[in-house]
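# Chain and residue survey
One-letter residues, chain by chain:
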Amino acid sequence: MAIEVFCLDRGAFRLQVIQMDILVIGAGPTGLTAATALTSRGLKCRIVERKDSPSELSRAVGIMPATIDALRTLDAADPFLEEAMPLRKIHILRDERTLAYIDNSGNDFRDRVPLGLPQNRTEGILRDILAERGVEVEYGISVTNITTTPDRADVNFSDSSSGSFDWVVAADGIQSATRQQLKIRYPGTDLPNKWSIADVDLKGDFDPEEITLDLYGGEGEFTLILPIERRRARIASSTEDALATLRLPMKIANIRRTAAFKISIRQAETYRKHRVLLAGDAAHCHSPVGGKGMNLGMADAIVAATAIATESVDSYSTSRYEAAESVVRKTELARKLISSSNPLAKSALWLSAHCIASVPPVHRAFMRQWTAV
Ligand SMILES: Cc1cc2nc3c(=O)[nH]c(=O)nc-3n(C[C@H](O)[C@H](O)[C@H](O)COP(=O)(O)OP(=O)(O)OC[C@H]3O[C@@H](n4cnc5c(N)ncnc54)[C@H](O)[C@@H]3O)c2cc1C
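Notes on the structure in this doc start here. Per-chain numbering applies: the sequence of each chain, read as written, is numbered from 1 onward. Per-residue local features are limited, in this predicted model, to residues with pLDDT of at least 70; the limit for side-chain atom pairs, both in listing and counting, is 80 or more; totals at the level of whole chains, interfaces and linings are taken over all residues. Hydrogens and waters are ignored; side-chain quantities use all the structure's heavy atoms.

### With respect to the pattern of salt bridges
Filter applied, for reference: Every case where a carboxyl oxygen of Asp or Glu lies within 4 Å of a side-chain nitrogen of Lys or Arg is listed as a salt bridge. Secondary structure elements are defined from DSSP: runs of H or I of at least 4 residues count as helices, runs of E of at least 2 residues count as strands, and each element is numbered from the N terminus. A 1.4 Å probe rolled over the protein chains alone gives each residue an accessible area, and that area as a share of the maximum for its type sets the label: buried under 20%, exposed over 50%, partly exposed in between.
Enumeration according to the criterion identifies 20 salt bridges in this entry. Between Arg46 and Glu138 there is a salt bridge whose closest N-O contact spans 2.6 Å. Separated by 92 residues along the polypeptide, Arg46 in strand β4 (residues 46-49) and Glu138 in strand β10 (residues 138-139) bring together distant segments of the chain. Residue class for Arg46 comes out partly exposed when judged on its relative accessible area of 24%. When its relative accessible area of 24% is taken as the criterion, Glu138 is described as partly exposed. The residue Glu229 makes a salt bridge to Arg232 at a minimum N-O spacing of 3.1 Å. For Glu229, a relative accessible area of 31% puts it in the partly exposed group. Each member of the salt-bridge network shares a partner with another, and the members are Arg88, Lys89, Asp207 and Glu209.

### Here we look at the site of the ligand
Definition in use: Consider each residue's heavy atoms; a residue with any of them within 4 Å of a molecule or strand counts as near. Contacts described as polar in this section are N or O atom pairs within 3.5 Å, which, within protein, must combine one atom able to donate a hydrogen with one able to accept it, while residues neighboring in sequence count only if both atoms come from side chains. Accessible surface is estimated by sampling points in the Shrake-Rupley manner with a 1.4 Å probe; for residues, cover comes only from the protein chains shown. When residues are grouped by polarity, Ala, Val, Leu, Ile, Met, Phe, Trp, Tyr, Cys and Pro land in nonpolar, Asp, Glu, Lys and Arg in charged, and all others, Gly among them, in polar.
Around the ligand sit 31 residues in total, of which Thr30, Glu49, Arg59, Asp281 and Met294 are the nearest. For the ligand, an oxygen atom lies 3.4 Å from a polar atom in the backbone of Gly62. Between the ligand and Val143 there is a distance of 3.0 Å, counted from a nitrogen atom to a backbone nitrogen or oxygen. Protein chains shield 90% of the accessible area of the ligand, which is 1,000 Å² for the free molecule. Only α1 (29-40), β4 and α6 (293-309) provide two or more residues apiece to the shell around the ligand. When residues in the shell around the ligand are grouped by element, the largest group, 3 residues, is from α6. Tallied by class, the residues present in the shell around the ligand amount to 12 nonpolar, 11 polar and 8 charged.

Spelled out as structure tokens, the structure:
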């Protein structure tokens, strides 16, 4: 694949064409963003996906304003703004009584609130943009083996073909075979309890701009309701069955999906081995509290593509490790605070929620922190 750049050559700028073969492994949000970012830097790539077809299921449901800002630099933000729903209000309840109501509809927060959109639509929008730019995801093809030297990365594919690449962006998810084959450690912890989600269609009264957090029980149980379409919501719970423990009055017309999952908190010890850059869940994972995981992966992808295009990959691993370390630290603090059974933590949460809802500078600082990636 070719990239055209102006280089200073004996005192004069000349147009040079650089040939680069680039592979993106995985067509989740990270891989699709990496491929989109490469195209917008003038580079084409191959993108392979183990699954036979796009997923209809959604894990992430929130896009942060910082991600929209980054997508703008790729000329890829408009379809997200047209389709996603601004989540302007946060209602926090304790035992069915309002603890705090945070209203972000004011001018201070215009364009600075999270947007609700199912992950399969995030992927669909990116796939459409890529197709317009001449890159089609190769479904049903997985990477079966990868090796790398300081100069190349050599890859075997499941259709028995092989290839040699200048750069590989490994966005192959939490179980990343690339990470394992390159013997990059992924230290961290796995939490013992299962959490759960249910995606439902709703009838009756429902505010599609309101996130609701219901805290209850002595053990720090909670239910979180996130609108993802005008009449569709994600119910997330710190228990194994989000519907069985739902206490808020919701009129459910249809259950689209339920799932229980365990949470791991891990980071790859390095995000780069020679010609391979790890990005997204392949490089880091944490709890979904705060809705940052996909956004962080999309940010990795854009930094990786820019680093490849500008031949400045040396700082990629350190800069992205530090970015993820900060997100993991804050996410863990929030998870511990909202799911704690400790009376002191409950009081701290109550006080924080009140300050955010009623003290404008605290409100602005909270929103700035939460919506950054
Ligand atoms: C319940 C839940 C809710 C969440 N909510 C949010 C949220 O609201 N906001 C948020 O930002 N994040 C959220 N997250 C996290 C988010 O879903 C992940 O961070 C995100 O999906 C990671 O994207 P990815 O592209 O890195 O990995 P993945 O989405 O896992 O994609 C990896 C892709 O690589 C493919 N692949 C794997 N191996 C190979 C191979 N060898 N060859 C080819 N292809 C391969 C896989 O099939 C897959 O399609 C949530 C997570 C969970 C579990």
